[in-house]
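Each chain, written out:
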Amino acid sequence: MTSTSSLDPEIAARLKRSADGLVPAIAQQYDTGEVLMLGWMDDEALHRTLTTGRCTYWSRSRQEYWVKGDTSGHFQWVRSVALDCDADTVLVKVDQVGAACHTGARTCFDADVLIENAGSGAAAADQ
C-alpha cells in the first residue's frame, strides 16, 4: 500500500480504517441489488475507483493494487460509491460484466448458503 494518496482529504478524514489501513468494499449490481463480492480498499484504491470509473482494490495476499477485469475481462463499471453511516465500509454499485468471483461464479455469495428463507420462523420464535 502506498502511504500517500490523491484521495480528497475530506473523504480521507471521514474514513475509519482497519489496523492495516483498509476498508471493506462491497460490490453490488446497480440495477438488481445483487451482492457480488467484497474487496478491500485503501485511500489510493478508493481514489482510483472514484476517478477512473473502474473498481480498484488492494490485494492483501499479493500486496498490490488490482483493477477488476484487467486480467479476467470481468469488469466492474462504477455507477455509484457510498460510505455507510459509520464511514467504515464502502458500497460500490457497479455494472458487472461477467463473473464477479475469482471462482468464475457470478457472485461470491451463492455457493455456501448457511440459512435461507428463515425470516418467518425466526420472527415467530422471537415473539
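Starting from 1, residues in each chain are numbered consecutively following that chain's sequence as written. Local features in this predicted model are restricted to residues of pLDDT 70 or higher, and side-chain atom pairs are both shown and tallied only at a pLDDT of 80 or more, whereas totals for entire chains, interfaces and linings draw on every residue. Where side-chain values are given, they derive from all heavy atoms of the structure, hydrogens and water being excluded.

## Some points on a nonpolar patch on the surface
- Patch building starts from residues that exceed 30% relative accessible area and form no salt bridge, then joins like charges within 9 Å and nonpolar side chains (Val, Leu, Ile, Met, Phe, Trp, Tyr) within 5 Å. Working definition of accessibility: Shrake-Rupley area with a 1.4 Å probe, residue cover restricted to the visible protein chains. Put simply, a salt bridge is a Lys or Arg side-chain nitrogen that is within 4 Å of an Asp or Glu carboxyl oxygen. Where nonpolar side chains cluster on the molecular surface, the patch consists of Val35, Leu38 and Phe109 and spans about 270 Å² of accessible area.
- Secondary structure follows DSSP: runs of H or I at least 4 residues long count as helices, runs of E at least 2 residues long count as strands, and numbering of each begins at the N terminus. Tracing the backbone through its elements, the reader meets Val35 in strand S2 (residues 35–41).

## Describing the UniProt feature "binding site: Zn(2+)" (unreviewed entry) in the protein chain
- UniProt positions are given in the numbering used here, feature names are shortened, and annotations may be inferred rather than shown by experiment. The UniProt record annotates "binding site: Zn(2+)" (unreviewed entry) at Cys85, Cys101 and Cys108. Taking the farthest pair of C-alpha atoms as the criterion, the annotated set spanning 24 residues is dispersed, since that pair is 26.6 Å apart.
- Tracing the sequence through the fold places Cys101 in the loop between strand S6 (90–96) and helix H3 (119–126).
- Exposure remark for Cys101: the relative accessible area of 9% places this residue in the buried category.
- Contacts are assigned to residue pairs with any non-hydrogen atoms lying within 4.5 Å of each other. Not counting the four nearest positions on each side in its chain, Cys101 is found in contact with Arg106, Thr107 and Cys108. A 1.4 Å probe rolled over the protein chains alone gives each residue an accessible area, and that area as a share of the maximum for its type sets the label: buried under 20%, exposed over 50%, partly exposed in between.

## Some words on the sheet that holds S6
- Here, strands pair whenever DSSP counts at least two bridges between them. The sheet built from four strands is open, its strands ordered S2-S1-S6-S5 with mixed pairing. Edge positions in the open sheet fall to S2 and strand S5 (76–83), since each of these has one partner strand only. Averaged over all pairs of adjacent strands, the angle between their axes in this sheet comes to 25°, without regard to strand direction.
- Two elements, strand S1 (residues 23–29) and S6, share five bridges in a ladder whose sense is parallel. Note that in S6 the partner of Gln28 across the bridge is Lys93. Every axis in this analysis is a line fitted to C-alpha atoms, fitted for helices over the stretch in contact. Angles between the N-to-C directions lie between 0 and 180 degrees.

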